[in-house]
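# Architecture at a glance
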Amino acid sequence: FGVTRDIVSSHIPANSSSTPNHDASRTRPTRTTTTTTTSPTTLDQIKSALKHPEVIILDVRTKEELDEAPLASKPFKHASCHLDDCSELMSKAAELMPNKEAPIIVFCRSGRRAGKAKEMLEGMGYTKVLNAGGLGDIEGL
């Protein structure tokens with residue numbers, strides 16, 4: 001539930017013992033992988049939100065994905081959100097989710113678009129948005 005980023009740093013000096021004519025002023029870039037999360041969603045948070053009387057389960061998969069594999073275990077609302085275009089979700093948000101304080105559990109096929117939808121909804125003022133990951137993750141709850 002975090003975002004992994006590659007960070008390139010050039011402040012670590014190159015290993016002078018491996019280079020006979022080493023220039024101490026030169027540095028070699030190193031790659032470090034870190035994980036950053038703004039607000040990680042836990043299974044307990046999702047289970048707790050599911051008990052809330054105003055919870056909204058939001059499917060942001062495409063219409064084709066929805067037709068191919070609908071969420072059968074729980075009632076949900078639908079608005080597509082793509083990594084590069086969440087305009088449908090943005091235009092339907094107020095209608096589908098009028099209470100910005102109600103918990104919203106977002107899912108898609110694998111969790112990436114749900115993460116994007118979470119960012120968009122939080123930017124619109126929704127305060128309790130949880131990324132539940134993919135369809136398989138939410139089906140098991």
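Everything that follows concerns the structure shown earlier in this document.
First, a word on what this report is: a plain description of the structure on this page. Note that the structure is predicted; figures quoted are calculated from it, not measured.

## Considering helix α4 (residues 112–123)
- Between its first and last C-alpha, α4 extends 17 Å over 12 residues, near the 16 Å set by a 1.5 Å rise per residue.
- Taken residue by residue, α4 has Arg113, Ala114, Gly115, Ala117, Lys118 and Leu121 as its buried positions.
- At its buried positions, α4 is contacted by β3 (56–59), α2 (63–68), α3 (87–96), β5 (104–108) and β6 (129–134).
- The first or second residue beyond α4 is glycine 125, which carries a positive phi of 100°.

## A look at the pairing of β5
- With 5 of 5 residues buried, β5 is to be regarded as a mostly interior element.
- Side chains Ile104, Val106 and Cys108 project from β5 onto one buried face, and the interleaved Ile105 and Phe107 project onto a second face that is buried too.
- As paired strands, β3 and β5 are joined by 4 bridges and run parallel to one another. Paired with aspartate 59 across the strands is phenylalanine 107, a residue of β5.
- Of the strand pairs in this sheet, β5 and β6 are connected by 5 bridges, and their pairing is parallel.

## Quick look at the nonpolar core
- With 18 residues, the main nonpolar core has Leu58, Leu89, Met97, Ile104, Val106 and Leu121 as its most contacted residues.
- For this core, the elements supplying multiple residues, two or more each, are β3, α3, β5 and α4.
- Here leucine 121 is in contact with Leu58, Leu89, Ala93, Met97, Ile104, Val106, Tyr126 and Val129, once residues within four sequence places are set aside.
- Membership of the second largest hydrophobic core comes to 10 residues, among which are Ile105, Ala132, Leu135 and Ile138.

Conventions adopted
- Residues numbered from 1 in each chain as written.
- Predicted model: local features only at pLDDT ≥ 70, side-chain atom pairs only at ≥ 80, totals over all residues.
- Heavy atoms only, no water.
- Helix = DSSP H or I, 4+ residues; strand = E, 2+ residues; numbered from the N terminus.
- Expected span 1.5 Å × (residues − 1).
- Buried < 20%, exposed > 50% of the residue type's maximum accessible area, 1.4 Å probe, protein only.
- Contact = heavy atoms within 4.5 Å.
- Pairing = 2+ DSSP bridges.
- Core = buried A, V, L, I, M, F, W, Y, C linked by side-chain atoms within 4.5 Å.

By themselves, these figures tell us nothing about what the structure is for.
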